[in-house]
Amino acid sequence: MKIFKKFSILLLAITMVVGSIFVGNTTNSYASTSYQNSSTNKNALTTSSRSGNYIYCSSGCALYKVNVKTKKKTRLYKGKYSWASIRNVSVYKDYVYFISEKGGIDISTPYIYRIKTNGKNLKCLGLGENPIPYGNKVYYLGGIKKDDYESKTNGIYKMNLNGSNKACIDESERISSFTIYNSNIYYIYNNLYTSSYLCKSNLNGSNDKDLAYYSSDDYDILSIGGFYNGYIYLYTDKGFYKLKLSNNKLSKIKNCHGDILGVEKGYLYYLKWGSSKNYIYKLKLSNNKKTLIASGKNSYGYLISSDYMIYNYLNKNYLNYYLMTTNGKNKIYLGKSFVQ
């Protein structure tokens, strides 16, 4: 547990049965977290899976690059499993970085790989989760340990782009997710899944600061959704929030629930869970107007850029993956993965 040296905190009254977020200028020194999925706000955010006219993405079982002008797709790598073992795809300096898991559907171990954008020189960089290439380094969740149920990480690590010189930046088994924005690490630290901290540190793990605290008694945790226009967007099962980075002021986004898939160019993209099918919306941040993009049984997605996103849905025990524009049109079929 962190020991707070300063505790100048603003309690936000939020209309929910459980769960509350506190924000303020608290200082301390402990762990970090890791999360990265989409390419929102690419000028400042770390990872992107788009480079020029090419988008690099996964069909769950294979890694592709797709020319958005010609609609031609090229397979760069094929996994050995029929289930979705390939994820966390990003492109950086002529290499594609991604996770490919080994093992079974229930118990698997994540490995970080990179491959040239022409499909050559495949290399395993080692065990890890959520690789984020940034500033000639790859930041990732590392220190993988495995028990009878799952693989576990014990902190944020960094290594050279070729996998050499691995080093731990911040060690803790409570680190669940992180991202990098404007040369700072933003991370989530979970305290036994009853409370979560949003924190910020330098790239070397120093100068830790608490930005927000979330408390819940039903295993609901805080997650990072993206960055836009000086704000970091957050979500829990209870709703969406935005935190102004200049003063840590937190506000709730009304009438929205689900998982944030990305934030870019004035829109927040999110998934709303349903009993029979799920819905993907884009929310215009200036007026809180939402537009339905897609829906489907067990559907999901994530944002690539302001123009493209990945979308998948369940059909006969298989998740079908598509690259599509963020208005829900111009779908390009990528492939499918088995769901047990």
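Our structure is the block above this text.
The rules behind each value
- Counting starts from 1 at the beginning of each chain's written sequence and moves along it residue by residue.
- Thresholds applied to this predicted model are a pLDDT of at least 70 for local features of residues and 80 or more for the giving and counting of side-chain atom pairs; totals over whole chains, interfaces and linings are not thresholded and use all residues.
- Calculation of side-chain values draws on the structure's entire complement of heavy atoms; hydrogens and water are dropped beforehand.
- Working definition: helices are DSSP H or I runs of at least four residues, strands are E runs of at least two. Numbering for both runs from the N terminus.
- Exposed residues in this analysis have more than 50% of their type's maximum accessible area, buried residues have under 20%, and partly exposed residues fall in between, with area computed by a 1.4 Å probe over protein chains only.
- In this analysis, two residues are considered to be in contact whenever any of their non-hydrogen atoms come within 4.5 Å of each other.
- For every accessible area listed, the method is Shrake-Rupley and the probe measures 1.4 Å; residues are considered covered only by the protein chains on display.
- N or O atoms within 3.5 Å of each other form a polar contact, as long as, within protein, one can give a hydrogen and the other can take it, and as long as residues adjacent in sequence are counted only when both atoms are side-chain atoms.
- Two aromatic rings from Phe, Tyr or Trp, using only the six-membered ring of Trp, form a pair when their centres are within 6.5 Å; if the ring planes differ by under 30 degrees the pair is stacked, by over 60 it is edge-to-face, and anything between is tilted.
- Counted as over-ring charges are cases with an Arg CZ or a Lys NZ within 6 Å of the ring centre that also lie within 35 degrees of the ring normal.
- Paired strands, in this sense, are two strands between which DSSP finds at least two bridges.
- Interaxial angles span 0 to 180 degrees and are taken between N-to-C directions of axes, which are lines fitted to C-alpha atoms, for helices over the stretch in contact.
- Any carboxyl oxygen of Asp or Glu within 4 Å of a side-chain nitrogen of Lys or Arg constitutes a salt bridge here.

Colleague: Which residues make up the overall build of the protein chain, and what are the values?
Modeller: Looking only at helices and strands, the protein chain features zero helices and 32 strands. Here the protein chain holds 340 residues, and the buried ones make up 56% of them. Considering only contacts in the protein chain between residues 6 or more positions apart, those separated by 24 or more positions represent 42%. By element, 46% of the accessible surface of the protein chain is carried by carbon and sulfur atoms, the whole surface being about 15400 Å².

Colleague: Can you explain the side chain of N67? Please cite residues and give values.
Modeller: Turning to its location among the elements, N67 is positioned in strand β5 (residues 62-67). By relative accessible area, which is 12% here, N67 ends up buried. Here the side chain of N67 touches K69 through a polar contact of 2.8 Å, landing on its backbone nitrogen. A polar contact is formed between the side chain of N67 and the backbone nitrogen of T70, at a distance of 3.1 Å.

Colleague: A description of the packing of aromatic side chains should follow, citing residues and the corresponding values.
Modeller: Across all of its chains, the model carries 21 aromatic pairs by this definition. Relative to F98, the ring of Y77 lies with its centre 5.2 Å away and its plane at 45 degrees, an arrangement referred to as tilted. In this pair, Y77 sits in strand β6 (residues 73-78) while F98 sits in strand β8 (residues 95-103), placing the two residues 21 residues apart along the sequence. Classification of Y77 by relative accessible area gives buried; the value is 15%. On the basis of relative accessible area, F98 is assigned to the buried category, the value being 0%. Summarising the aromatic geometry, the rings of Y318 and F338 are spaced 5.6 Å apart at their centres and angled 70 degrees between planes, so their arrangement reads as edge-to-face. Of this pair, Y318 sits in strand β31 (residues 318-325) while F338 sits in strand β32 (residues 332-338); the two residues are 20 residues apart in sequence, bridging distant segments of the chain. With relative accessibility at 28%, the residue F338 sits in the partly exposed group. Above the plane of the ring of Y95 lies K116, whose end atom (NZ or CZ) is 5.0 Å from the centre. Over the aromatic face of Y318 sits the side chain of K336, whose NZ or CZ is 4.6 Å from the ring centroid.

Colleague: I'd like to hear about the side chain of T325, residue by residue, with values.
Modeller: Take T325: it is sitting in strand β31. For T325, a relative accessible area of 10% gives the class buried. A distance of 2.5 Å separates the side chain of T325 from the side chain of N327, its partner in a polar contact. Side-chain polar atoms of T325 contact the backbone oxygen of K329, separated by 2.7 Å.

Colleague: Please set out the sheet that holds strand β25 (residues 259-264) residue by residue, giving values where relevant.
Modeller: If you walk across this open sheet you meet the four strands as β25-β26-β27-β28, and the pairing is antiparallel. Each having just a single partner strand, β25 and β28 (289-296) make up the two edges of the open sheet. Across the sheet, the mean angle separating the axes of adjacent strands is 20 degrees when strand polarity is ignored. The sheet contact formed by β25 and strand β26 (residues 267-272) spans five bridges and is antiparallel.

Colleague: Quick rundown of the pairing of β25? Include the residues and the values.
Modeller: Most of β25 is tucked away, with six of its six residues classed as buried. Once β25 ends, the chain turns through two residues before running back antiparallel as β26, passing K265 with a positive phi of about 50 degrees.

Colleague: If you had to explain the pattern of salt bridges to someone new, which residues and values would you point to?
Modeller: Taken as a whole and assessed by the stated rule, the structure comprises three salt bridges. Its salt-bridge partner being R87, residue E101 comes within 2.9 Å of it at the nearest N-O pair. Here R87 lies in strand β7 (residues 86-92) and E101 lies in strand β8, a separation of 14 residues in the sequence. E101 gets classed as buried once you look at its relative accessible area, which sits at 11%. The class for R87 is partly exposed, based on a relative accessible area of 25%. Between E129 and R87 there is a salt bridge; the shortest N-O distance is 2.8 Å. Here E129, found in strand β11 (residues 129-134), pairs with R87, found in strand β7; they are 42 residues apart in sequence, far enough to count as distant.

Colleague: Tell me about the sheet that holds β5, residues and numbers included.
Modeller: Read from one edge of the open sheet, four strands run β3-β4-β5-β6, paired in antiparallel fashion. In the strand order of this sheet, the two ends are held by β3 (50-51) and β6, each with one partner. In this sheet, strand β4 (residues 54-58) lies alongside β3 in antiparallel orientation, the contact comprising two bridges. Bridging from a neighbouring strand, R50 pairs with I55 of β4.

Colleague: Describe unusual backbone geometry, naming the residues involved and giving the relevant values.
Modeller: A positive phi angle, near 50 degrees, is found at N182, a position not held by glycine. One can find N182 in the loop between β17 (175-181) and β18 (184-191). In this structure N182 comes out as partly exposed when scored by relative accessible area, which is 46%. We note that N248 has phi near 60 degrees; this positive angle belongs to a residue other than glycine. On the secondary structure map, N248 appears in the loop between β23 (239-244) and β24 (250-253). Taking relative accessible area as the criterion, N248 reaches 9% and is therefore assigned buried.

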